[in-house]
Amino acid sequence: MRYKVRFEGIVQGVGFRYEVYQIATQLKLTGWVRNEMDGSVLCEVQGTNKKIEYLINHLYQVPRFQIDSVIKEEIPIKNESSFRMAN
């Protein structure tokens, strides 16, 4: 499965992208994460539903983040081999 996931809330300037990158890499997910101009963080993440849900649930548990909403949309699978922080 591959999803486009937008996180809204206090998710910039608090290490959010790095945390997404670290957990996604540990879980062997592929995709990318980046800050958006509107203050949200957008990522595309690919892997099993179980691992993707674990990633999202983990982020809710980090005290320095305040996630107000998560918008998740299934998108087509891409051929890639790693997870990266995008510009």
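Everything below is about the structure shown above.
Quick summary incoming for the structure in this document. Given the structure is predicted, the values throughout are model-derived calculations rather than measurements.

**Here we look at the overall build of the protein chain**
Reasoning step 1: The helix and strand tally for the protein chain stands at two helices and five strands.
Reasoning step 2: Relative to the compact-globule value of 12 Å for 87 residues, the protein chain shows a C-alpha radius of gyration of 12 Å, a close match.
Reasoning step 3: For the protein chain, the spread of C-alpha atoms along the three principal axes comes to 30 × 25 × 20 Å.
Reasoning step 4: Surface exposure of the protein chain reaches about 5200 Å², of which carbon and sulfur atoms provide 49%.
Reasoning step 5: For the protein chain, the distance from the average position of its 12 positive side-chain charges to the average position of its 10 negative side-chain charges is 7 Å.

**A word on the nonpolar core**
Reasoning step 1: The biggest cluster of nonpolar side chains holds 22 residues, and the ones touching the most others in it are V5, F7, F16, L29, V45, L55 and L59.
Reasoning step 2: Elements supplying a minimum of two residues to this core: β1 (2-10), α1 (16-26), β3 (41-46) and α2 (49-61).
Reasoning step 3: Ignoring anything within four residues of it in the chain, the contact list for F7 reads F16, S40, V41, C43, I56, L59, I67, S69 and V70.

**Focus on α1**
Reasoning step 1: Looking at α1, one finds that the buried residues are F16, E19, V20, I23 and A24. Taken end-on, α1 shows its buried residues confined to a sector of 125 degrees, consistent with a single buried face.
Reasoning step 2: Each element contacted by the buried residues of α1 is listed here: β1, β2 (30-35), β3, α2, β4 (66-74) and β5 (83-85).
Reasoning step 3: Trailing α1 by a residue or two, K28 shows a phi angle of about 60 degrees, which is positive.

**Considering the pairing of β1**
Reasoning step 1: Two elements, β1 and β3, share six bridges in a ladder whose sense is antiparallel. Note on β3: the bridge partner recorded for F7 is V41.
Reasoning step 2: Bridge count between β1 and β4: eight bridges; the pairing is antiparallel. Across the sheet, R6 pairs through a bridge with I71, a residue of β4.

Thresholds, definitions, all that
Residues numbered from 1 in each chain as written. Predicted model: local features only at pLDDT ≥ 70, side-chain atom pairs only at ≥ 80, totals over all residues. Heavy atoms only, no water. Helix = DSSP H or I, 4+ residues; strand = E, 2+ residues; numbered from the N terminus. Rg over C-alpha atoms; globule rule 2.2 N^0.38 Å. Areas by Shrake-Rupley, 256 points an atom, 1.4 Å probe, with all protein chains shown as cover. Lys, Arg positive; Asp, Glu negative; His and termini not counted. Charge placed at Lys NZ, Arg CZ, Asp CG, Glu CD. Core = buried A, V, L, I, M, F, W, Y, C linked by side-chain atoms within 4.5 Å. Buried < 20%, exposed > 50% of the residue type's maximum accessible area, 1.4 Å probe, protein only. Contact = heavy atoms within 4.5 Å. Arc of directions from axis to C-beta. Pairing = 2+ DSSP bridges.

Coordinates in, geometry out; function isn't part of it.
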